[in-house]
Amino acid sequence: MKGLWLENNQLQLRTDIPIPEPPAGEALVRVLCAGICNTDLELIKGYYPYTGIIGHEFVGVVEQGPEHLINQRVVGEINAACGYCRFCRSGQPTHCENRTVLGIVNRNGAFAEYLSLPIENLHIVPENVSTAAATFTEPLAAALEIQQQITLCQDDRVLVVGDGKLGQLIAQTLALTGCDLLVVGRHEDKLLNLAARGIKTALTNSVKDRYFDVSIDCTGNPEGFNTARRALRPRGTLILKSTYAGNLSLDASALVVDEITLIGSRCGPFVPALELLATEKVNVQSLIQGNYPLCLGLEAVEKAKTKGVLKVLLEMI
């Protein structure tokens, strides 16, 4: 089969990759569409040592698996857990000590014609959700994870730093809570996309210091982190939602003095994400800025690397 293979920080289109043979408890999924994520781009830069097929945001059709899933469109949670370690036993499979992660850790990913995932990881896509829209399920679930970690009310002043792909989804999901939300970024066209949905926006340099109860860094760069940090009041909560290719420097003493709560946040719940897509409470179509067939996958990745570009999709045709 064809797939985008990463090795020694070099990405290539291969046509000789064996179709996966699912072990017991897993299903074979024919990939229809996959989204290029910032994590994929960071892997290419060397954020984590990985060799194999990258990609973890996908929609596909089950070709081998339990009868109720055969020929169904599905999306899949990316962490394949062992089921018996201390985290699995305590209901925290995303932190399984023995997990593999689709397209990230010891498991071939979605930028290929086929993939294999545990049956329990798969979720059927509602009929009224398009394949392109369903490709956003994984990042939308990641956005919703914030609301699994903290409780927000209407009086909370919340800042989202970053107007890129993830920032856009986080902003839309947080807006549904009714909190006092502001999104800042550097691209007026992206901010206009949120403003059109009634979300308050501003340029990054206008952020008020020590004003917000919660700030969320979606930028993956030190400047974004510093903006999110200085915007927080004492005893505020800082949520990190991006992976960083390099090291991040911070003033640990200031975190202690201001008693800042620091939360890392990544994978989230798929069921409510699919519900939001099915009820059209979030808009993902406006985030798509490129569609490429898999045979032009290298061009698609270069497009995704372009500054200011939002979501680029790979279609396995």
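Below: a short report on this structure. These numbers come from a predicted model, not from an experiment.

**Section: the sheet that holds strand β4 (residues 52-53)**
Strand order across the open sheet formed by 3 strands is β2-β1-β4, with antiparallel pairing between neighbours. Among the strands making up the open sheet, the edge pair consists of β2 (10-14) and β4. Pairing of strand β1 (residues 3-7) with β2 involves 5 bridges; the strand directions are antiparallel. Counterpart to Leu6 in the pairing with β2 is Leu11. Of the strands in this sheet, β1 and β2 touch helix α10 (residues 297-305), which is tilted by about 145° from β2.

**So, the pairing of strand β11 (residues 157-161)**
Along a regular strand, successive side chains alternate from one face of the sheet to the other. For β11, the buried fraction is high: 4 of the 5 residues fall into the buried class. Here β11 pairs with strand β12 (residues 180-185) via 5 bridges, running parallel. Residue pairing across strands places Arg157 opposite Asp180, the latter belonging to β12. Between the parallel elements β11 and β12, the chain passes through helix α5 (residues 165-175) in a crossover that is right-handed.

**Brief notes about the packing of α5 against helix α6 (residues 188-195)**
Where α5 meets α6, the closest approach of the two axes is 11 Å, and the angle between their N-to-C directions is 20°. If you check the angle between α5 and α6, you find them roughly parallel. Remark: the crossing between α5 and α6 carries right-handed chirality. Two secondary-structure elements touch here, α5 through Gln168, Ala171 and Gln172 and α6 through Lys190, Asn193 and Leu194. A class-by-class count of the residues in the contact of α5 with α6 yields 2 nonpolar, 3 polar and 1 charged.

**Regarding the sheet that holds strand β14 (residues 212-217)**
The pairing of strands in a sheet happens through backbone hydrogen bonds and is either parallel or antiparallel. Taken together, the 6 strands give an open sheet; going across it, the order is β13-β12-β11-β14-β15-β16, and neighbouring strands pair in parallel fashion. The open sheet has two edge strands with one neighbour each: β13 (200-203) and β16 (261-264). The average angle at which neighbouring strand axes cross in this sheet is 20°, direction not considered.

**Notes on the packing of aromatic side chains**
For the structure on display, the rule yields 2 aromatic pairs. Summarising the aromatic geometry, the rings of Tyr47 and Tyr48 are spaced 6.5 Å apart at their centres and angled 50° between planes, so their arrangement reads as tilted. For Tyr47, a relative accessible area of 30% puts it in the partly exposed group. Looking at Tyr48, the relative accessible area reads 34%, which means it is partly exposed. On the numbers, 5.0 Å between centres and 80° between planes, the contact of Tyr211 with Phe212 is edge-to-face. The class for Tyr211 is partly exposed, based on a relative accessible area of 25%.

**A closer look at the pattern of salt bridges**
In total, this model carries 14 salt bridges according to the counting rule given. Glu113 serves as the salt-bridge partner of Lys2, at 3.4 Å between the closest nitrogen and oxygen. Highlighted residues: Lys2 in the segment before β1 and Glu113 in the loop between β8 (100-101) and β9 (114-118), separated in sequence by 111 residues. Overall, the relative accessible area of 24% leaves Glu113 in the partly exposed class. The salt bridge partner of Arg30 is Glu63, with a shortest N-O separation of 2.7 Å.

**Some thoughts on the environment of Ala273**
Tracing the backbone shows Ala273 in helix α9 (residues 270-278). When its relative accessible area of 0% is taken as the criterion, Ala273 is described as buried. For Ala273, the residues in contact, after removing those within four places along its chain, are Thr137, Leu140, Ala141 and Leu144.

**Observations concerning the side chain of Arg73**
Residue placement: Arg73 occurs in strand β6 (residues 73-76). No salt bridge is formed by the buried Arg73; its nearest oppositely charged neighbour, Glu127, is found at 7.6 Å. One polar contact links the side chain of Arg73 to the main-chain carbonyl oxygen of Val129, over a distance of 2.8 Å. Apart from the residues lying within four places of it in its own chain, the contact partners of Arg73 are Leu32, Val59, Gly60, Val61, His123, Ile124, Val125, Pro126, Glu127, Val129, Ser130 and Thr131.

**Some thoughts on the pairing of strand β5 (residues 57-64)**
Counting buried positions along β5 yields 6 of 8 residues, so the element is predominantly enclosed. Where strand β3 (residues 26-36) and β5 come together, 7 bridges link them in antiparallel fashion. Within the sheet, the bridge partner assigned to Val31 lies in β5 and is Gly60. When β5 meets β6, the two strands line up antiparallel, connected through 2 bridges. Bridge pairing links Gly60 to Val74 in β6.

Parameters at a glance
- Throughout this document, residue positions are counted from 1 along each chain, in the order its sequence is written.
- Where totals are concerned, whole chains, interfaces and linings use all residues; where local detail is concerned, this predicted model gives features only for residues with pLDDT of at least 70, and gives and counts side-chain atom pairs only at 80 or more.
- Only hydrogens and water are removed before side-chain values are computed, so all heavy atoms of the structure are retained for them.
- What makes two strands pair is DSSP finding at least two bridges between them.
- Only DSSP runs of H or I reaching four residues or more are called helices, and only runs of E reaching two or more are called strands; each is numbered from the N terminus.
- Should any heavy atoms of two residues lie within 4.5 Å, those residues are counted as being in contact.
- Working convention: axes come from line fits to C-alpha atoms, limited for helices to the stretch in contact. Angles between N-to-C directions cover 0 to 180 degrees.
- Relative accessibility thresholds used throughout: buried, under 20% of the residue-type maximum; exposed, over 50%; partly exposed, between the two (1.4 Å probe, protein chains only).
- We call a crossover right-handed when, viewed with the strands running away from us, the connection from the first strand over the helix to the second turns clockwise.
- Relative orientations are named as follows: roughly parallel for angles under 35 degrees, roughly antiparallel for angles over 145 degrees, roughly perpendicular for angles from 65 to 115 degrees, and oblique for any other angle.
- By definition, turning the near helix anticlockwise from the far helix through less than a right angle yields a left-handed crossing, and turning it clockwise yields a right-handed one.
- Three classes are used, and their members are as follows: Ala, Val, Leu, Ile, Met, Phe, Trp, Tyr, Cys and Pro are nonpolar, Asp, Glu, Lys and Arg are charged, and the others, Gly among them, are polar.
- Pairs were defined over the aromatic rings of Phe, Tyr and Trp, the Trp ring being its six-membered one, requiring ring centres within 6.5 Å. Orientation was assigned from the angle between planes: stacked under 30 degrees, edge-to-face over 60, tilted for the rest.
- Salt bridge, as used here, is a side-chain nitrogen of Lys or Arg placed within 4 Å of a carboxyl oxygen of Asp or Glu.
- In this tally Asp and Glu are treated as negative and Lys and Arg as positive; neither His nor the chain ends contributes.
- Pairs of N or O atoms within 3.5 Å make up the polar contacts considered here, provided that, within protein, one atom can donate a hydrogen while the other can accept it, and that residues adjacent in sequence are counted only when both atoms are side-chain atoms.

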